[in-house]
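# Coordinate analysis (summary)
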Amino acid sequence: MAGWVALLRGINVNGITIAMTDLQDVFRALGCTDVRTVLASGNVLFTSGETDAAALKADIERALSDTFGYQAWIVLLGVATLDSVVRAFPFDAERNGWHPYVVFGSNQSPLDELIDAAGEPDPETEQVLPGVGVLYWQVRRSIGINSPFSKLSGKARYRSTTTTRNLRTLNKLIASAPGA
């Protein structure tokens, strides 16, 4: 059984409200075990006998769309991969007055496009660096969603392929993973 994390995009915002117990039920109906949600923002930990990530991702997206009536998009990765991503965070995660984030992509293309479009951010307000299958982003709290990179990554063209999580949330996911 493999340990997985599904990062759902766009739930419990913009009118798409899903109770975490209902979300867990969808994963259990797919045969997943050890199903746990962390926070109410679409973070699901589970184990599955399925080892084909693409097939599992497609099954989950279809089940979410069918059950909740919205176009579901997820980023799916192994718990060990998530742990590697978090350990590789290149900035000071405890920097006073800053938020540490990781931008996940369901494939590399949108991440490459984002990093190219971001250019050279102002290091006094935000920093963006590529990682393996992710982008690492750190932004001043006082700027937050008004930063140039936040506005860029929030564009509709990236909604179906990327999702962003605070590093603190990712640490909670790792700590809550089955077997942790």
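This one's a predicted model, so the numbers in the text were calculated from it and none came from an experiment.

## Digging into the overall build of the protein chain
Across its full length, the protein chain carries 6 helices and 8 strands. Put simply, the protein chain runs from its N terminus to its C terminus through helices and strands in the order β-α-β-β-α-β-α-β-α-β-β-α-β-α. What you see for the protein chain is a C-alpha radius of gyration of 16 Å, in line with the 16 Å of a compact globule of 180 residues. Overall size of the protein chain, expressed as C-alpha extent along the three principal axes, is 45 × 35 × 25 Å. By residue count, 46% of the 180 residues in the protein chain fall in the buried class. When the accessible area of the protein chain is evaluated, it comes to approximately 8800 Å², of which 49% is carbon and sulfur surface. Positive and negative side-chain charges in the protein chain, numbering 16 and 18 respectively, have mean positions lying 6 Å apart.

## Structural notes on the packing of helix 3 (residues 79-87) against helix 6 (residues 167-176)
Close contact between helix 3 and helix 6 brings their axes to 10 Å; oriented N to C, the two are set at 140°. Compared by their axis directions, helix 3 and helix 6 come out oblique. Note on packing geometry: the crossing formed by helix 3 with helix 6 is left-handed. Residues Leu82, Asp83 and Val86 of helix 3 touch helix 6, and the partners they reach there are Leu167, Leu170, Asn171, Leu173 and Ile174.

## As for the confidence of the model for the protein chain
Counting all residues, the mean pLDDT for the protein chain is 91, and 95% of those residues have values of 70 or more. Summarising per-element confidence for the protein chain, the mean pLDDT is lowest in strand 1 (residues 2-8) (90) and highest in strand 7 (residues 134-140) (97).

## Some remarks on helix 6
Because each turn of an α-helix spans 3.6 residues, side chains separated by three or four positions in sequence point in the same direction. Inspection of helix 6 places Leu167, Thr169, Leu170, Leu173 and Ile174 among the buried residues, and these make up the whole buried set. Angular distribution of buried residues about the axis of helix 6 spans 155°; they occupy a single face of the element. If you follow the buried residues of helix 6, they end up packed against strand 1, strand 3 (43-48), helix 3, strand 5 (98-105) and strand 8 (162-166). In this structure Asn166 caps helix 6, since a side-chain oxygen of it lies 2.8 Å from the backbone nitrogen of Arg168.

## Describing the sheet that holds strand 3
Pairing within the open sheet is antiparallel, and its 4 strands lie in the order 2-3-1-4. Each edge of the open sheet is held by one strand with a lone partner, namely strand 2 (33-37) and strand 4 (74-78). Put simply, the sheet's adjacent strands are angled 20° from each other on average, direction ignored. Sheet contacts for helix 1 (residues 20-29): strand 1, strand 2 and strand 3; angle to strand 2, the most-contacted strand, approximately 155°. Docked against the sheet, helix 3 engages strand 1, strand 3 and strand 4, running at close to 95° with respect to strand 4.

Reading guide: rules and limits
Note on numbering: residues in each chain are counted from 1, in written sequence order. Thresholds applied to this predicted model are a pLDDT of at least 70 for local features of residues and 80 or more for the giving and counting of side-chain atom pairs; totals over whole chains, interfaces and linings are not thresholded and use all residues. Water and hydrogen atoms were dropped before computing side-chain values, which therefore reflect all heavy atoms in the structure. Helix and strand assignments follow DSSP, with helices taken as H or I runs no shorter than four residues and strands as E runs no shorter than two, numbered in order from the N terminus. To get the radius of gyration, use the C-alpha atoms; to get the globule rule, take the number of residues to the power 0.38 and multiply by 2.2 Å. Residue exposure (1.4 Å probe, protein chains only): buried if accessible area is under 20% of the type maximum, exposed if over 50%, otherwise partly exposed. In this description, accessible areas are obtained by the Shrake-Rupley approach with a 1.4 Å probe, and a residue is regarded as covered only by the protein chains that are shown. Counted as positive: Lys and Arg. Counted as negative: Asp and Glu, with His and the chain ends omitted from the count. Charged side chains are reduced to one point each, which is NZ for Lys, CZ for Arg, CG for Asp and CD for Glu. Fitted lines through C-alpha atoms give the axes, limited to the stretch in contact for helices. The angle between two N-to-C directions lies from 0 to 180 degrees. Roughly parallel covers angles under 35 degrees, roughly antiparallel covers those over 145, roughly perpendicular covers 65 to 115, and oblique covers all other angles. When the near helix sits turned anticlockwise from the far one by under a right angle, the crossing is termed left-handed; a clockwise turn instead gives a right-handed crossing. By definition, residues are in contact when any of their heavy atoms lie within 4.5 Å. By definition, pLDDT measures how confident the predictor is in each residue, and it falls between 0 and 100. Within this analysis, the arc is defined by the directions that extend from the helix axis to the C-beta atoms. Pairs of N or O atoms within 3.5 Å make up the polar contacts considered here, provided that, within protein, one atom can donate a hydrogen while the other can accept it, and that residues adjacent in sequence are counted only when both atoms are side-chain atoms. DSSP calls a pair of strands paired once it identifies at least 2 bridges connecting them.

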